[in-house]
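In case you want the letters, here they are:
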Amino acid sequence: MAPSPTLPGTDESYWMDTTSTTSYPALTADVEVDVAVVGGGIAGLCTAWELTEAGRTVALVEADRIAAGVTGYTTAKLSVLHTLIYDKVRTSFGPDSARLYAESQQRAVQRVVAVAARLHIDCDLERVPAFTYAESPDLLDRIRAEADAAADAGLAASFVTETGLPFPVAGAVRVEDQAQFHPRKYLLALADDLTRHGGQIFERTRATGLTEGDPCTVTTEGGPTITARHVVVATHYPVFDRAMLFARLEPRRELVVATAIPAGRDPGGVYLTPEQNTRSVRTAPYRDGQRLLIVTGEHFTPGAGNVTEQWQNLVEWTQQRFPGTEIAYRWATQDNTTTDQVPFIGRFHLGTDRVYVATGFGGWGMSTGVLSGQLITACITGAEPPWAGLYDPRRLNLAREAGPMMKLQAMAAAHFVGDRVRPSRVDSIDDIEPGTGAVVRVRGRQCAAYRDDTGEIHAVSARCTHLGCIVHFNDAETAWECPCHGSRFAIDGTVIQGPANRPLQPRDTP
Ligand code: FES
């Protein structure tokens, strides 16, 4: 088994590379607050900030560092145009729901603009139009339907055939007044403002348990607890899954590359096409007056991609469409899509008025993360907006969801059973070359083994600690990934991304 070819560009997100690491303390003693927020990504931070604004006492716990998980690896488009969502929502939920979706998302975009202005946050915020485009005429009917549905939903939307892209399109939906920004510059300033107004942030504090009641108790890995009247689970994929949402969430990973372009070649907008395994384009201010072109695409189920090859596809596409460019950065991002395409934001399950969840943003975590903060705060403070029902996680319409749910479960079951009996790509640990990993049987047990560049083997259990599926090796990112619900682990077994909340156990090797 040979190591992957070297990929171009710095293996880091531009957002992470251009901001400082945070250093909030870990939780070392019990605290009592109005609201405990679990998860320090955009949804958790915006919820904590909105609640503090509303006069609630808040403690936020983050297993690692804030705004450094999925939020630190996003493409940071603040847009209400979510590929082809309006026609889907109009058809399956009705035109009123499409209008509520549009209004709630547009208010989230406006919230960022207003808060950035009020707090004087320098976060490279730029107002731009958003486009969903198609190069192939085969997709034109769907593009026209989306333009019609988006306009019908109240957005400044139109069908166009001209865009700022340097290649022709068959047609596009254009929506005015959207935005792009630097998510970490915005969120780190929000966190700073939150703590200056009495909110508490605890990093390197993994929440391990939740007892519901009045009050609720969140336990953490080190032992200290948070007692709170309300709890918000904003961990991307919910770590305390009281409503079995894993059966209604499809994880998806996507690759990103970034390259400098002259300012004069900026396409002037945020763009997305569902064609070619998706392609998305935006820009950001960059050094020496240039712009940084950020291209996303090549999505796959975690643990089931040929990641190196897919990254090469994305690099090739970028250099064909924007000739003469050198890749400066590359990173990957991950999200979950719900089985009816509308995010889950609100009360977690039928039996609770105290525990809230925000997940299933479908790749649109910026506007929807901000919206989560506004919506959950409104629910807790008793001022629910008209769109609370649309996003309510407790909805379950089998006519809409049964098909996608069965497909998801069939896929997970196929991995759960099939990956246990499928022969490994290598016969023994000795066959694993430096820089690569594989699942091999050691004394009858499946073991996830990685050989580092010095030749040392790092071996952990191959059974995902969420529900026991077998992890797969991601060659380009040197990580173990679970194809069932998207958990990710470092080579030493540490959890990088849930729903798993416990590390893969170390294994001795011969
Ligand atoms: Fe669910 Fe691994 S993420 S079994």
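These lines cover the structure that appears in this document, whether it is placed above or below. Only a predicted model underlies this, so the values are computations on that prediction, with no experimental measurement involved. (Residues numbered from 1 in each chain as written. Predicted model: local features only at pLDDT ≥ 70, side-chain atom pairs only at ≥ 80, totals over all residues. Heavy atoms only, no water.)

Things to note about the overall build of the protein chain
Now for step 1: Broken down by element type, the protein chain carries 10 helices and 25 strands.
Now for step 2: In summary, the protein chain has a C-alpha radius of gyration of 22 Å against a globular reference of 24 Å for 510 residues, a match within 12%.
Now for step 3: Here the protein chain, with 510 residues, has 59% of them falling under the buried criterion.
Now for step 4: Long-range contacts, defined as pairs at least 24 residues apart, comprise 70% of the intrachain contacts of the protein chain with a sequence gap of at least 6.
Now for step 5: The positive charge centre, built from 47 side chains, and the negative charge centre, built from 60, are 3 Å apart in the protein chain. (Helix = DSSP H or I, 4+ residues; strand = E, 2+ residues; numbered from the N terminus. Rg over C-alpha atoms; globule rule 2.2 N^0.38 Å. Buried < 20%, exposed > 50% of the residue type's maximum accessible area, 1.4 Å probe, protein only. Contact = heavy atoms within 4.5 Å. Lys, Arg positive; Asp, Glu negative; His and termini not counted. Charge placed at Lys NZ, Arg CZ, Asp CG, Glu CD.)

Comments concerning the packing of helix α2 (residues 42-53) against helix α6 (residues 183-196)
Now for step 1: Contact geometry of α2 with α6 gives a least axis separation of 10 Å together with a crossing angle of 35°. In the crossing of α2 with α6, the sense of the turn from one axis to the other is left-handed. Together, I42, L45, C46, A48, W49 and T52 of α2 and L187, L190, A191, D193 and L194 of α6 make up the contact between the two elements.
Now for step 2: A breakdown of the residues in the contact of α2 with α6 according to their chemical character gives nine nonpolar, one polar and one charged. (Axes fitted to C-alpha atoms, helices over the stretch in contact; angles between N-to-C directions. Left-handed = near helix turned anticlockwise from the far one by under 90°. Nonpolar A, V, L, I, M, F, W, Y, C, P; charged D, E, K, R; others polar.)

Focus on the state of the cysteines
Such a bond, covalent and formed between the sulfur atoms of two cysteines, is termed a disulfide.
Now for step 1: A complete count under the given rule lists one disulfide for this structure.
Now for step 2: With no disulfide of its own, C216 lies 15 Å from the sulfur of C379, the closest cysteine sulfur. (Disulfide = S-S within 2.5 Å.)

Comments concerning the pairing of strand β21 (residues 457-461)
Now for step 1: Burial within β21 is extensive, with four of its five residues counted as buried.
Now for step 2: Here five bridges tie strand β20 (residues 445-451) to β21, and the two strands are oriented antiparallel to one another. What sits directly across from A449, in β21, is A459.
Now for step 3: Remark: five residues form the turn of the hairpin made by β20 and β21, two consecutive strands paired antiparallel; G455 in that turn has positive phi of roughly 100°. (Pairing = 2+ DSSP bridges.)

So, helix α3 (residues 85-92)
Now for step 1: Of all the positions in α3, only I85, Y86 and V89 are classed as buried. The buried residues of α3 all sit within an arc of 95° when viewed along its axis, so they share a single face.
Now for step 2: Looking at the buried residues of α3, the elements they touch are α4 (95-118) and α5 (140-152).
Now for step 3: At the C-terminal side of α3, G94 shows a positive phi close to 115°. (Arc of directions from axis to C-beta.)

Brief notes about the sheet that holds strand β19 (residues 436-442)
Now for step 1: Spatially, three strands are ordered β19-β20-β21 in an open sheet, and the strand pairing comes out antiparallel. Two strands close off the open sheet at either side, each with one partner strand: β19 and β21. On average, each strand axis in the sheet is tilted by 30° relative to the strand beside it, whichever way the strands run.
Now for step 2: Across seven bridges, β19 lies against β20 in antiparallel orientation. For A438, the partnering residue across the bridge sits in β20 and is A449.

Section: the nonpolar core
One recurring pattern in soluble globular proteins is that nonpolar side chains are buried together.
Now for step 1: Within the largest apolar cluster, 83 residues are counted, with the highest numbers of intra-cluster contacts made by Y86, Y186 and Y391.
Now for step 2: Per element, the largest residue contribution to this core is eight residues, and it comes from α4.
Now for step 3: Ignoring any residue separated from it by four or fewer positions in sequence, one finds Y186 in contact with R111, V112, V115, A116, I121, C123 and F181.
Now for step 4: Membership of the second largest hydrophobic core comes to 26 residues, among which are V33, A207, V218 and F348. (Core = buried A, V, L, I, M, F, W, Y, C linked by side-chain atoms within 4.5 Å.)

Comments concerning the environment of E126
Now for step 1: By the secondary structure assignment, E126 is in strand β5 (residues 126-134).
Now for step 2: Separated by 13 residues in sequence, E126 and V113 have C-alpha atoms that sit 9.2 Å apart.
Now for step 3: Not counting residues up to four positions away in its chain, the partners in contact with E126 are Q178, A179, Q180, T283, P285 and R291.
Now for step 4: In this structure the side chain of E126 is engaged in a polar contact, spanning 2.8 Å, whose partner is the side chain of R291. (Polar contact = N/O pair within 3.5 Å; in protein donor to acceptor, adjacent residues only side chain to side chain.)

As for the pairing of strand β7 (residues 171-180)
Now for step 1: Within β7, seven of the 10 residues are buried, leaving the element largely enclosed by the surrounding structure.
Now for step 2: Pairing between strand β4 (residues 77-78) and β7: two bridges, direction antiparallel. Bridge pairing in β7 links K77 to Q180.
Now for step 3: Bridging between strand β6 (residues 157-160) and β7 involves four bridges; their strand directions are antiparallel. Residue A157 lies in a different strand from β7, and its bridge partner there is V175.

Points about the packing of aromatic side chains
Now for step 1: Across all of its chains, the model carries 13 aromatic pairs by this definition.
Now for step 2: Aromatic side chains Y14 and Y329 sit 5.5 Å apart centroid to centroid with 70° between the ring planes, which places their arrangement in the edge-to-face category. Residue Y14 is located in helix α1 (residues 14-17), and its partner Y329 is located in strand β16 (residues 327-338); the two are separated by 315 residues in the primary sequence.
Now for step 3: Judged by relative accessible area, which is 4%, Y329 ranks as buried.
Now for step 4: Here the aromatic rings of F131 and Y271 are separated by 4.6 Å at their centres, their planes lie at 5°, and the arrangement is stacked. With F131 in strand β5 and Y271 in strand β13 (residues 270-273), this residue pair connects regions lying 140 residues apart in the sequence. (Phe/Tyr/Trp six-rings, centres within 6.5 Å; stacked < 30°, edge-to-face > 60°.)

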